[in-house]
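Read off the chains here:
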Amino acid sequence: MEPPEERAGRSFVEVINEKYSPENFPCRRGPGMGVVVVPTAGLQGSPMKDRLNLPSVLVLNSCGINKAGDQAEIAAFCAHVIELDLSHNNLHDWHEISKITSSIPNLEFLNLSSNPLAGTILKPQCAEAFPRVRRLVLNNTQISWDTVMLLTQNIPELEELFLCLNEYRSVSASSVACPTLRLLHITDNSLQDWAEVCKFGSMFPRLDTLIMANNNLASIQDSKDILERLFPKLRSINLNNSGLNRWEDIEKLNYFPKLEEVRLQGIPLLQAYTNAERRNLVIAQLPSVSLLNGSVVTDAEREDAERFFIRHYLHCPEKELPYRYHSLVTKYGKLEPLAEIDLRPRCYAQVEVHCEEKVEQLNIRLDQTVADLKKQLTTVVQLSTNSMRLYYINKDSAFGPEELKYNTRALHSYLIQDGDEILVVPKTK
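Residues numbered from 1 in each chain as written. Predicted model: local features only at pLDDT ≥ 70, side-chain atom pairs only at ≥ 80, totals over all residues. Heavy atoms only, no water.

Would you mind showing me how to read the overall build of the protein chain here?
Check the secondary structure of the protein chain and you find 13 helices and 20 strands. A burial count over the protein chain gives 45% of its 429 residues as buried. In the protein chain, once contacts between residues fewer than 6 apart in sequence are set aside, the share between residues at least 24 apart is 69%. When the accessible area of the protein chain is evaluated, it comes to approximately 22300 Å², of which 49% is carbon and sulfur surface. (Helix = DSSP H or I, 4+ residues; strand = E, 2+ residues; numbered from the N terminus. Buried < 20%, exposed > 50% of the residue type's maximum accessible area, 1.4 Å probe, protein only. Contact = heavy atoms within 4.5 Å. Areas by Shrake-Rupley, 256 points an atom, 1.4 Å probe, with all protein chains shown as cover.)

In structure tokens, the structure reads:
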């Protein structure tokens, strides 16, 4: 059973007083990593301790916080704080959240993940309480898209926005763009239609990185002109575990003028190929991409992939050839299939065994040793292993017989071929 204080909730002020009091947080984190704040005379009635060791990065996740507490005390103790993690608390009122953030003037990073914000109303004056926040994390909050738009319109320096696990199926376009946003992390939602993704382009015209893995995106539908206009700055896109199943969708990634990093793992289109085939085919399709699935594409790898691509489509009907095939044929020519060469060592050889006047055809295993061969020959030449000397004669060599004098040496090391000879000479007493 939860204690009464957990059911009633706790204030931000109460939690920092408890967590960062000298008894619980006795040491500074080193130069620049934290400060000791002494309450001013005006706060003599404060429930705070005489001294608090507050670092500039506050981690207050899973503390049962549901309200702010005294704003004057927050301002007095948190003026130097630049990062604040409030994830997994019970904050469900934007007014309380804004009381905290407006009292921390240097706040640049705020994590509100897994707070129950579904259905909460954000008033415009509260949306202005994040003046210096650059990175905002709202994962698994079920925050409405209207609230997201209000925040992006009122946070003047916002650069990174995290909206994972919020069950978005669609988004509404905004008439007011957020020109500062560089990174949008919106994985594990339910976006399927590319038309929804296009709205990000108009809302965030300087978007550099779009991470939307684990959305069942069916296809990339727009033309080159539209993609160039909507995503002029996009450098990196993550489409892992999306629903893309046509090579035409991969080809359209070339329409993003600045794109150089792509992630495409777990898409239906590539499931039928081996890992090597997947990488080669995608690299060949995307000539401007220098980083694929987190790995650098070297010049040598690109050339090998492009040559593989030509050979892969060598026997494809002309009408089904991808556009990229023709440009690569212009670059390398129409390549012939690679010869299939079996580099495995031979297992057997058919040889002639000569012993005095006797000649016999014998199939010998090449993975055995000279000593093993002698045992095999005892029944053929009627000599014991200690009574014979063996010589190997290469039918294609101008050199004379080579004595097989080392009993532990494997026969395949002599490069014995079909038609070669084994000469057995009885030892003289």
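That was the structure; now back to the text.
Could you clarify how one ought to interpret the sheet that holds strand 15 (residues 295–296) in this entry?
Sheet strands associate in pairs through backbone hydrogen bonding, adopting either a parallel or an antiparallel arrangement. Read across the open sheet, the 11 strands follow the order 4-6-7-8-9-10-11-12-13-14-15; overall the sheet is mixed. With partners counted over all chains shown, the strands left at the sheet margins are strand 4 (57–59) and strand 15, one partner each. Pairing of strand 7 (residues 109–111) with strand 8 (residues 135–137), which is carried by 3 bridges, proceeds in the parallel orientation. Within the sheet, the bridge partner assigned to Leu110 lies in strand 8 and is Leu136. (Pairing = 2+ DSSP bridges.)

Explain the pairing of strand 18 (residues 388–393) here, please?
Working note: regular strand, side chains alternate between the two faces of the sheet. When strand 18 meets strand 20 (residues 421–426), the two strands line up antiparallel, connected through 6 bridges. The residue bridging Tyr392 from the neighbouring strand is Ile422, located in strand 20. As paired elements, strand 18 and strand 19 (residues 402–403) share 2 bridges and run antiparallel to each other. Its bridge partner lying in strand 19, Tyr392 is registered against Glu402.

Looking at this model, I keep getting lost on the packing of helix 2 (residues 12–19) against helix 3 (residues 71–78). Mind explaining?
Think of two packed helices as two axes; the pair is described by the angle between the axes and how far apart they sit. One can describe the packing of helix 2 onto helix 3 by two numbers: an axis separation of 9 Å at closest approach and a directional angle of 40°. It follows from the interaxial angle that helix 2 and helix 3 lie oblique. The handedness of the crossing between helix 2 and helix 3 comes out as left-handed. Packed against helix 2, whose contacting residues are Phe12, Val13 and Ile16, the element helix 3 presents Glu73, Ile74 and Cys78 at the interface. Its residues assigned to classes, the contact of helix 2 with helix 3 shows 5 nonpolar, no polar and 1 charged. (Axes fitted to C-alpha atoms, helices over the stretch in contact; angles between N-to-C directions. Parallel < 35°, antiparallel > 145°, perpendicular 65-115°, else oblique. Left-handed = near helix turned anticlockwise from the far one by under 90°. Nonpolar A, V, L, I, M, F, W, Y, C, P; charged D, E, K, R; others polar.)

Is there a simple way to think about the packing of aromatic side chains in this case?
Any aromatic ring pair is given by two values, namely how distant the centres are and how the planes are angled relative to each other. Under the definition given, this model contains 8 aromatic pairs. Judged by centre distance (6.4 Å) and plane angle (50°), the rings of Trp194 and Phe231 are tilted. With Trp194 in helix 7 (residues 194–203) and Phe231 in the loop between helix 8 (224–230) and strand 12 (236–238), the pair connects residues that are 37 residues apart, well separated along the chain. On the basis of relative accessibility, which here comes to 0%, the residue Trp194 falls in the buried class. What makes Phe231 buried here is its relative accessible area of 2%. Residues Trp194 and Phe256 carry aromatic rings whose centres are separated by 6.4 Å and whose planes lie at 75° to one another, so their mutual orientation is edge-to-face. Of the two residues, Trp194 is situated in helix 7 and Phe256 in the loop between helix 9 (247–252) and strand 13 (261–263); the sequence distance between them amounts to 62 residues. Counting every residue linked through ring pairs, the aromatic cluster contains Trp145, Tyr168 and Phe200. The positively charged end of Arg409 is found above the aromatic ring belonging to Tyr414, 3.8 Å away from the centroid. (Phe/Tyr/Trp six-rings, centres within 6.5 Å; stacked < 30°, edge-to-face > 60°. Lys NZ or Arg CZ within 6 Å of the ring centre and 35° of its normal.)

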